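Reading the structure
Residues per chain are reported as follows:
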Amino acid sequence: QVQLVESGGGLVQARGSLSLSCKISTPTSSYATAWFRQAPEKEREFVAAISWSGSATRYADFVKGRFTVSRGNARNTVYLLMNSLKPEDTAVYYCGLRPNNVGTPMARTDYLYWGRGTQVTVSS
């Protein structure tokens, strides 16, 4: 059974930082992992992805240079370090998993399993 649990969200002022974690439990031996976010009344959008090995990452243009995705040594935890946060970064952040894929796909439909999300609120 696949489980993803996000944590680390909260309220932060603009230009501040937050670090999100996604703890993964899965019988699959390899998988792609990504962060998406969804603001009220908007579609869920791609934020960042990291390959199974951790050697490849991909970012949405609007977070390049501000966010960093990484994977723990045990590979069962993925992190999203968010710096220079803006009010428009306010959203629920979700961790997604695609089994048997070692790349960095960007489409929401590429990911089969999701966590429940963690709220990030950036005040101006």
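Located above this text is the structure these notes cover.
Structural notes, computed from the coordinates. Treat the numbers as computed from the prediction; the structure is a model and nothing was measured.

Observations concerning the overall build of the protein chain
Within the protein chain, the regular secondary structure consists of 0 helices and 11 strands. Ordering the α and β elements of the protein chain from the N terminus gives β-β-β-β-β-β-β-β-β-β-β. Its C-alpha radius of gyration of 13 Å places the protein chain within 12% of the 14 Å reference for a compact globule of 124 residues. Taken along the three principal axes of its C-alpha coordinates, the protein chain extends 40 × 25 × 20 Å. Contacts spanning at least 24 positions in sequence make up 59% of the contacts within the protein chain whose residues lie at least 6 apart. Entry remark: accessible area of the protein chain is about 6,500 Å², with carbon and sulfur atoms responsible for 45%.

Quick word on the environment of Val92
Looking at where Val92 falls in the secondary structure, it is placed in strand β9 (residues 91-99). When the C-alpha positions of Val92 and Phe36 are compared, they lie 8.4 Å apart, and in sequence the two are 56 residues distant.

So, the side chain of Ser30
Relative to the helices and strands, Ser30 resides in the loop between β3 (18-25) and β4 (31-38). Setting aside chain neighbours within four positions, we find Ser30 in contact with Trp52, Pro99, Asn100, Asn101 and Val102.

Considerations on the sheet that holds strand β1 (residues 3-7)
For sheets, the rule is that strands pair by backbone hydrogen bonds, running either parallel or antiparallel. Within the open sheet, the 4 strands sit side by side as β1-β3-β8-β7. Their pairing is antiparallel. The open sheet has two free edges, formed respectively by β1 and β7 (67-71), since each of these has just one partner strand. Averaged over all neighbouring strand pairs, the angle between strand axes comes to 15°, with direction disregarded. Bridging between β7 and strand β8 (residues 77-82) involves 5 bridges; their strand directions are antiparallel. Looking at the pairing, Thr68 lines up with Leu81 of β8.

Points about unusual backbone geometry
One non-glycine residue with positive phi stands out, namely Glu41, at about 65°. Among the structural elements, Glu41 can be located in the loop between β4 and β5 (45-50). Given the relative accessible area of 86%, Glu41 is considered exposed. Of note in this structure, Ser84 is not a glycine but carries a positive phi near 50°.

Focus on the nonpolar core
Judged by nonpolar contacts, the single largest core of 36 residues is most densely connected at Trp35, Val47, Phe67, Val69, Leu80, Met82 and Tyr93. Contributing elements (two or more residues each) for this core: β3, β4, β5, β7, β8, β9 and β11 (118-123). Apart from the residues within four sequence positions on either side, Val69 is in contact with Trp35, Ala48, Ala49, Ile50, Thr57, Tyr59, Val78, Tyr79 and Leu80.

Focus: the pairing of β1
Alternating residues of β1 divide into Leu4 and Glu6, all buried, and Gln3, Val5 and Ser7, none buried. Looking at chain direction, β1 and β3 are connected through 5 bridges and run antiparallel. Following the sheet pairing, Ser7 is matched in β3 by Ser21.

Thresholds applied
Residues numbered from 1 in each chain as written. Predicted model: local features only at pLDDT ≥ 70, side-chain atom pairs only at ≥ 80, totals over all residues. Heavy atoms only, no water. Helix = DSSP H or I, 4+ residues; strand = E, 2+ residues; numbered from the N terminus. Rg over C-alpha atoms; globule rule 2.2 N^0.38 Å. Contact = heavy atoms within 4.5 Å. Areas by Shrake-Rupley, 256 points an atom, 1.4 Å probe, with all protein chains shown as cover. Pairing = 2+ DSSP bridges. Axes fitted to C-alpha atoms, helices over the stretch in contact; angles between N-to-C directions. Buried < 20%, exposed > 50% of the residue type's maximum accessible area, 1.4 Å probe, protein only. Core = buried A, V, L, I, M, F, W, Y, C linked by side-chain atoms within 4.5 Å.

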